[in-house]
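Report on the structure
The chain contents come next:
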Amino acid sequence: MKVVVLGGYGHYGRYVARQLAERDIVTTLVVAGRSLEKAQAQADLLGAKAVAGRVDLFEKADVPEAVRGADLVVNATGPDHLTVIPALRLAIAAGADYCDLNISWRATEEALAMSQDAAAAGITAITGIGAFPGLFSLLAMQGVSRFDQVKTLRLGYCMSVQAAFGDSLGGAPAHTSHQEIGAALAAVIHGFSGTARQFVDGRYADLPAFGPAYKIPLLSGGAIEVHTQGSAEPITLPESIPGIEEVTMGAGFYPPQVNDLIKRHIDAHFPGEEEAVVAAVRKELAGDPERWTAEAREDVTKGESVCLEGIKDGRPARCLVEPNWNAEAFAEDASGDVVTGGPLLVASLKLLGGEIGAKGGFAPETCFSPGSFFEDLRREVNLFTERDGALVTEKFEFLG
Ligand SMILES: NC(=O)c1ccc[n+]([C@@H]2O[C@H](COP(=O)([O-])OP(=O)(O)OC[C@H]3O[C@@H](n4cnc5c(N)ncnc54)[C@H](OP(=O)(O)O)[C@@H]3O)[C@@H](O)[C@H]2O)c1
């Protein structure tokens, strides 16, 4: 089958293209992006079935030669608020199934609104199957299935400032484009700009992004400190959890003092100026790295959390859900790209294998069942391991 990886020489695109090239079901793998030279260099690393193609999602044109006849378009481009809708339009025009890593709440709403067009084209389009959203949305659904009724779902992650802003702590030069700062960082900054649609008191509410810090407990102990972030989960998950009153998404940087610095620079710029935000943040970080990287507080740490509250066995209860990560997967892939790229790969393989009969546009939790998805992640990329007979740990606490 023919698969096109848009952004196939980008950070996550490289990972998924390499994995797909190793699968027998893929007979032609097109590595695509705006630079044919970069696409060719990447295709050359992937063996005989890989070819390069030039695709610019910002050009209004017919279906490019590289995409014609494709069975599946895997979209690993970004930032999502700019590239998801043109990529989905392209897949619809080409009659190819589609999946992406989309975190943008606006692009998610727009993509799902195109569901009828996707169905009319006879394709299945899945938007937001990375880690957040994606894997952690499915972990949330696993938790939901254990309750009589879930009332609140809080999702969040806290990442190290070094991981997010890279070598800049040593004083890298200011960067000037999305290409140079990377689409993922641009998308994260964008999600912290303007308003972030959340689901509160049983309805959608547009809250200021990067609002006041709040904590979410971690299963392993302690908590992460996060701020409201625009992302797909509060848009899609309420549709799958009848009667839920709150779905929120928060993110933050570690150590916590860098959040004030980053927020200040986001507030000083307009949405769309992510590269200028990153340049300003990098400059200030490099000016006083000790201040910004000092681990000053013990009450919060890094990590990811899925925290549900509701009624279980007739009693108020809280549940924290965490994957049983397989350390071997991280040893094989020190960058951790498997956490985001693995779910995109598994979704791609399920689409290629014809496992999803429904046509139209879908969020991951509406077309994948958590248990079998986690099994596939273990089989395909070794991401999970069994502990106490399960791939996922769920910790319940009764609240009254
Ligand atoms: N759901 C999740 O958990 C999750 C996690 C991490 C990242 N993400 C998302 O994944 C996306 C990719 O992140 P990344 O770090 O891999 O980004 P990246 O390294 O910057 O790669 C982006 C790729 O997209 C291509 N591209 C950009 N604009 C394009 C256009 N107009 N037409 C065709 N190709 C275009 C780029 O190549 P050219 O610029 O040369 O065209 C590049 O190959 C981000 O948008 C991010 O939000 C999601």
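Criteria and thresholds
- Residues numbered from 1 in each chain as written.
- Predicted model: local features only at pLDDT ≥ 70, side-chain atom pairs only at ≥ 80, totals over all residues.
- Helix = DSSP H or I, 4+ residues; strand = E, 2+ residues; numbered from the N terminus.
- Buried ≥ 20, exposed ≤ 12 C-beta atoms within 10 Å, placed from the backbone.
- Contact = placed C-beta atoms within 7 Å.
- Pairing = 2+ DSSP bridges.
- Axes fitted to C-alpha atoms, helices over the stretch in contact; angles between N-to-C directions.
- Core = buried A, V, L, I, M, F, W, Y, C linked by C-beta atoms within 7 Å.
- Domains from an automatic or database assignment.
- Nonpolar A, V, L, I, M, F, W, Y, C, P; charged D, E, K, R; others polar.
- pLDDT = per-residue confidence, 0-100.
- Parallel < 35°, antiparallel > 145°, perpendicular 65-115°, else oblique.

With that out of the way, let us pick up the overall build of the protein chain. Scanning the protein chain from terminus to terminus reveals 17 helices and 16 strands. Projecting the C-alpha coordinates of the protein chain onto the three principal axes gives extents of approximately 60 × 55 × 40 Å. Burial statistics for the protein chain: of 400 residues in total, 51% are counted as buried. Within the protein chain, residue pairs in contact and separated by at least 24 positions form 73% of the contacts whose partners lie at least 6 positions apart.

Before going further, it helps to spend a moment on the sheet that holds strand E15 (residues 360-362). In space, the 7 strands of this open sheet follow the order E3-E2-E1-E4-E5-E6-E15, with parallel pairing throughout. With partners counted over all chains shown, the strands left at the sheet margins are strand E3 (50-54) and E15, one partner each. On average, each strand axis in the sheet is inclined to that of its neighbour by 20°, with strand direction left out of account. Running at roughly 165° to strand E1 (residues 2-6), helix H1 (residues 11-21) makes contact with E1, strand E2 (28-33), E3 and strand E4 (72-75) of the sheet.

With that out of the way, let us pick up the pairing of strand E10 (residues 214-217). When E10 meets strand E11 (residues 223-228), the two strands line up antiparallel, connected through 4 bridges. Residue pairing in the sheet places Pro217 in a bridge with Ala223 of E11. Between the antiparallel neighbours E10 and E11 lie 5 residues, among them Gly221 with a positive phi of about 110°.

Of all hydrophobic cores here, the largest spans 127 residues; its most connected members are Val5 and Val73. Ranked by residue count, the leading element in this core is helix H3 (residues 80-94), at 8 residues. Of the domains in this structure, domain 1 (2-131 + 334-381) and domain 2 (135-325) are the two that each give at least three residues to this core. Discounting chain neighbours no more than four positions away, the residues touching Val5 are Gly13, Val16, Ala17, Leu20, Leu29, Val30, Val31, Ala32, Val74 and Ala76.

Our focus in this paragraph is the domain arrangement of the protein chain. Many authors give the size of an interface as the accessible area that is lost as the parts come together. Split into domains, the protein chain comes out as domain 1 (2-131 + 334-381) and domain 2 (135-325). Computed over C-alpha atoms only, the centres of domain 1 and domain 2 are separated by 24 Å. Between domain 1 and domain 2, the residue contacts involve 24 residues of the former and 24 residues of the latter. Its residues assigned to classes, the side of domain 1 that touches domain 2 comprises 11 nonpolar, 10 polar and 3 charged.

All right, on to the environment of Thr385 then. Following the sequence through the fold, Thr385 ends up in the loop between helix H17 (370-381) and strand E16 (392-398). Residues Thr385 and Ala317, spaced 68 residues apart in sequence, show a C-alpha to C-alpha distance of 27 Å. Sequence-distant contacts of Thr385, defined by excluding residues within four places in its chain, comprise Asn324 and Asn326.

Note that predicted coordinates carrying low pLDDT should not be read in detail. Model confidence for the protein chain is summarised by a mean pLDDT of 94, while 96% of its residues fall at 70 or above. Across residues 168-177 the pLDDT falls below 50, and counting only partners more than four positions away or on other chains, this stretch makes 22 contacts in the model.

This part is about unusual backbone geometry. Of the consecutive residues Phe132 and Pro133, the connecting peptide bond is found in the cis state with omega at 0°. Cis geometry is adopted by the peptide bond preceding Pro255, which originates at Tyr254 and carries an omega value of 0°. With phi around 50°, Asp388 is a residue other than glycine that occupies positive phi space.

The axes of two packed helices give the description: the angle between them and the distance between them. Direction vectors running N to C along helix H9 (residues 183-191) and helix H12 (residues 274-287) enclose 95°, while the axes themselves pass 9 Å from each other. Considering their axes alone, H9 and H12 lie roughly perpendicular with respect to each other. Residue-level contacts link Leu185, Ala186, Ile189 and His190 of H9 to Glu274, Glu275, Val277 and Val278 of H12. Counted by class, the contact of H9 with H12 contains 5 nonpolar, 1 polar and 2 charged residues.

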